[in-house]
There are 2 protein chains.
Amino acid sequence: MTRAADDLSSFIAQCRDRFQTALEFALPLEHGAAPRLMEAMRYAALGGGKRLRPLLAYAACQACGGKLSQADIPAVAVELVHAYSLVHDDLPAMDDDSLRRGQPTCHIAFDEATAILAGDSLQTRAFELLANSGDYKDGQRLEMIRALSHGAGVSGMAAGQMRDIEAEGRALTLEELERIHYLKTGRLITAALLMGAIAADAPAEMQDTLARFGDLIGLAFQIQDDILDVTSTADVLGKPSGSDARHGKSTFPALLGLDASRDRAQALCREAHQLLDGIAEGRNTGPLRDLADYIVGRSH
Amino acid sequence: MTRAADDLSSFIAQCRDRFQTALEFALPLEHGAAPRLMEAMRYAALGGGKRLRPLLAYAACQACGGKLSQADIPAVAVELVHAYSLVHDDLPAMDDDSLRRGQPTCHIAFDEATAILAGDSLQTRAFELLANSGDYKDGQRLEMIRALSHGAGVSGMAAGQMRDIEAEGRALTLEELERIHYLKTGRLITAALLMGAIAADAPAEMQDTLARFGDLIGLAFQIQDDILDVTSTADVLGKPSGSDARHGKSTFPALLGLDASRDRAQALCREAHQLLDGIAEGRNTGPLRDLADYIVGRSH
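Predicted model, so just to flag it, every value in this text is computed and none were measured.

Chemist: Run through the packing of helix α4 (residues 72-89) of chain B against helix α9 (residues 174-199) of chain B, naming residues and quoting values.
Modeler: Residue and element names in this part refer to chain B. Closest axis-to-axis distance for the α4/α9 pair is 9 Å, and the angle between their directions is 165°. Judged on the interaxial angle alone, α9 and α4 are roughly antiparallel. In this structure, the crossing between α4 and α9 has a hand that is right-handed. Residue-level contacts link Pro-74, Val-78, Val-81, His-82 and Asp-89 of α4 to Lys-184, Leu-188, Ala-192, Met-195 and Ala-199 of α9. Here the residues of the contact of α4 with α9 are counted per class, giving seven nonpolar, one polar and two charged.

Chemist: Requested: an account of unusual backbone geometry, with residues and values cited.
Modeler: Negative phi values dominate among residues other than glycine, just as trans dominates among peptide bonds. Residues and elements named next belong to chain B. One non-glycine residue, Asp-96, adopts positive backbone phi at about 55°. Positive phi values are uncommon outside glycine, yet Asp-201 reaches one of about 60°. Take Asp-201: it is sitting in the loop between α9 and α10 (204-231).

Chemist: If you had to explain the interface of chain B and chain A to someone new, which residues and values would you point to?
Modeler: Contacts between chain B and chain A engage 48 residues on the former and 48 residues on the latter. Between chain B and chain A, the buried area comes to about 4,100 Å², and carbon and sulfur atoms account for 68% of it. Its largest share of buried area at the contact with chain A, chain B owes to Leu-117, Val-154 and Met-162 of chain B, together 16% of the area lost on that side. Where chain B packs against chain A, one counts zero salt bridges. Taken together, the links from chain B to chain A amount to 12 residue pairs in polar contact (both at pLDDT 80 or more). Within the residue set of the side of chain B that touches chain A, elements represented by two or more residues are α2 (35-46), α4, α6 (112-132), α7 (138-152), α8 (157-167) and α9 of chain B. Here the side of chain B that touches chain A takes 14 residues from α6 of chain B, the largest share from any one element. Its residues placed into classes, the side of chain B that touches chain A shows 23 nonpolar, 14 polar and 11 charged.

Chemist: Account for the relation of the copies chain B and chain A, naming residues and giving values.
Modeler: Each copy of the chain is related to the other by a rotation around an axis and a translation along that axis. In screw terms, the move from chain B to chain A is a rotation of 180° and a rise of 0.0 Å along the axis, fitting with an RMSD of 0.0 Å. The two molecules are tied by a two-fold rotation axis, judged by turn and shift. Considering only C-alpha atoms, the part of chain B nearest the rotation axis is Asp-138 of chain B, at 3.1 Å. Comparing contact sets, 100% of the residues at the interface of chain B also lie at the interface in chain A, consistent with an isologous, same-surface contact.

Chemist: Any details on the side chain of Arg-289 of chain A? Residues and values, ideally.
Modeler: Residue and element names in this part refer to chain A. Checked against the element boundaries, Arg-289 lands in helix α15 (residues 286-297). A polar contact is formed between the side chain of Arg-289 and the backbone oxygen of His-273, at a distance of 3.4 Å. Dropping the residues within four chain positions of it, Arg-289 is found in contact with His-273, Leu-276 and Asp-277.

Chemist: Give a detailed account of α10 of chain B, specifying residues and quantitative values.
Modeler: Helix length check: α10 of chain B, at 28 residues, gives a terminal C-alpha distance of 40 Å against a target of 40 Å (1.5 Å per residue), a fit within 8%. The buried count for α10 of chain B comes to 20 of 28 residues, which makes it a mostly enclosed element.

Chemist: A description of the packing of aromatic side chains should follow, citing residues and the corresponding values.
Modeler: All chains considered together, the criterion is met by three aromatic pairs over all chains. Taking the centre distance of 4.9 Å and the plane angle of 20° together, the rings of Phe-127 of chain A and Phe-127 of chain B count as stacked. Here Phe-127 of chain A is found in helix α6 (residues 112-132), whereas its partner Phe-127 of chain B is found in helix α6 on a different chain. We note that Phe-127 of chain A, like Phe-127 of chain B, is buried. Note on Tyr-43 of chain B and Phe-110 of chain B: the rings are 5.6 Å apart at their centroids and 75° apart in plane angle, and the pair reads as edge-to-face. One end of the pair, Tyr-43 of chain B, is in helix α2; the other, Phe-110 of chain B, is in the loop between α5 (106-109) and α6, with 67 residues separating them in the sequence. Its relative accessible area of 14% is what places Phe-110 of chain B among the buried residues.

Chemist: How would you sum up the pattern of salt bridges? Please name residues and give values.
Modeler: By the definition in use, this model includes 32 salt bridges over all chains. In this structure, Glu-143 of chain B and Arg-146 of chain B form a salt bridge, with 2.8 Å as the shortest nitrogen-oxygen distance. Note that Glu-143 of chain B and Arg-146 of chain B are positioned in helix α7 at a spacing of three residues, about one turn of the helix. Residue classification places Glu-143 of chain B among the partly exposed positions, given a relative accessible area of 35%. One connected set of salt bridges, linked through shared partners, spans Asp-95, Asp-164, Lys-184 and Lys-249 of chain A.

Chemist: Explain helix α9 (residues 174-199) of chain A to me, and be specific about the residues and the numbers.
Modeler: All names here are of chain A. Here α9 contains 26 residues, and its C-alpha end-to-end distance of 35 Å stays within 8% of the 38 Å for a straight helix at 1.5 Å per residue. Its axis deflected by about 40° at Gly-186, α9 carries its strongest bend there. Taking burial as the measure, the 26 residues of α9 include 21 buried ones, the bulk of the element. One or two positions beyond α9, positive phi appears at Asp-201, with a value near 60°.

Reading the values: the criteria
- Residues numbered from 1 in each chain as written.
- Chains lettered and ligands numbered in written order.
- Predicted model: local features only at pLDDT ≥ 70, side-chain atom pairs only at ≥ 80, totals over all residues.
- Heavy atoms only, no water.
- Axes fitted to C-alpha atoms, helices over the stretch in contact; angles between N-to-C directions.
- Helix = DSSP H or I, 4+ residues; strand = E, 2+ residues; numbered from the N terminus.
- Parallel < 35°, antiparallel > 145°, perpendicular 65-115°, else oblique.
- Left-handed = near helix turned anticlockwise from the far one by under 90°.
- Contact = heavy atoms within 4.5 Å.
- Nonpolar A, V, L, I, M, F, W, Y, C, P; charged D, E, K, R; others polar.
- Buried area = accessible area lost by both parts, 1.4 Å probe.
- Salt bridge = Lys/Arg side-chain N within 4 Å of Asp/Glu carboxyl O.
- Polar contact = N/O pair within 3.5 Å; in protein donor to acceptor, adjacent residues only side chain to side chain.
- Least-squares fit on C-alpha atoms with pLDDT ≥ 70 in both.
- Expected span 1.5 Å × (residues − 1).
- Buried < 20%, exposed > 50% of the residue type's maximum accessible area, 1.4 Å probe, protein only.
- Phe/Tyr/Trp six-rings, centres within 6.5 Å; stacked < 30°, edge-to-face > 60°.
- Bend = angle between axes of the 7 residues up to and from the residue.

Set out below in structure tokens:
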């Protein structure tokens, strides 16, 4: 293992347990109002995944001089929004996927109506948590809610999903494709970073740098996703490969070719690293750098 | 027209224009990120309806000594959550309704994927508005977000919808039926009242009274809804009547009979009035009383 990979493994290990505990706490099994609903929410959120957005929230918080514990709530909140988007994205009326992280998708394991409600409630819970949980000043809570709602809604992720659907079967320009992915993936990744920074009370210029960092690695993430959809197998991905081609979706490999797509992802990653070079010395930006490398180097 | 009906008409007229303006402002047509998504959100939210929850937010704000303008944002936020729930409720996997307020439902007018995303984005927008818009103290914004997320999520409306679905085709006891409706309808009505009170900086005891008032009229509203589903026509309702029977849903008329159901709704309304008698003199509780009367007297 290289030094960076070793450091990243150690960072992930530090975050994993505390994140899992915070996530379990946010979705208590003994919740009485509608046990089946909570069960479906837990199925969708607790079933693993890379936890990339939580890791970015933790790494941003640490880079801003905060403790990991300060990022628990934003890490959970952004993951709940991500989980809700996957549940709804997998529905028959959307991507109609039956496999996610190697497991049946929520509407297969439960049913469609339950999956719709579980997605809805995961979103609500994210905002409820930010308003109620952890130890933050009112102003921090509101800033985090602003970052998350902006990243998730009609100016962010949901807009990207809409445009992604509208683009199916149509050949996109590179610019159009980048715009879709910037909205669909980049905005929520940026929200994760911003919330981590807000939780650490970071100044505005630090937040701006992290937002630009998020835009770069968000796009790199999506390019790598497209590459893996072409080059990998369902076994490795935990979901069917070749799904983009089946849905008639434009992809970076289709537009640029595989080699140029890899080059572009690497270039975005280098640019992201350079942004961090501008951050004041003494800040621990190692995990952010390692996560950027991981995004373009990952195999699933 | 009776005096109360006349007063209520005048209150509704006062609220209607300002509410419509605030709602339009919250869903700007020129929004660039995904025009079709915003179009579907506007279709779902701007297409009329009784606006009961906004009216309750305005009435609560006024009863707590606030100006109507202070309730604009919570009125819009609660209506956006209500609109999202209707869009998702109407989906084929849920109630599969094609008519709402006399118009094609969102997934008929657009398509299912767009309707799912529009519902999702209406919810996000509600929290985004409460965090950003209007002139409130940070603490008020957070209290409103807490009230809305509690009323909408896994402890409120969504839990009620889940239990409503689970109960289809099964005979419920009166207690079970009341519990479902308390969650499904009552919690969001209570959230509307609480947010109006918070916007007017009302003390905790006033908020408690309004929460109990909301529980009573929320249940009365649902009883009247069940009565109308049996006794009215699609023309009057703007949606198919007899829908409960078709979905094998337990209803108050089926459990209690029509007359006893009407009596129960009236009794809840009287109890709600009595609660307001305990509010300090000089407070304008007229609109709240009139809205309670309207709920049990309405024909659609």
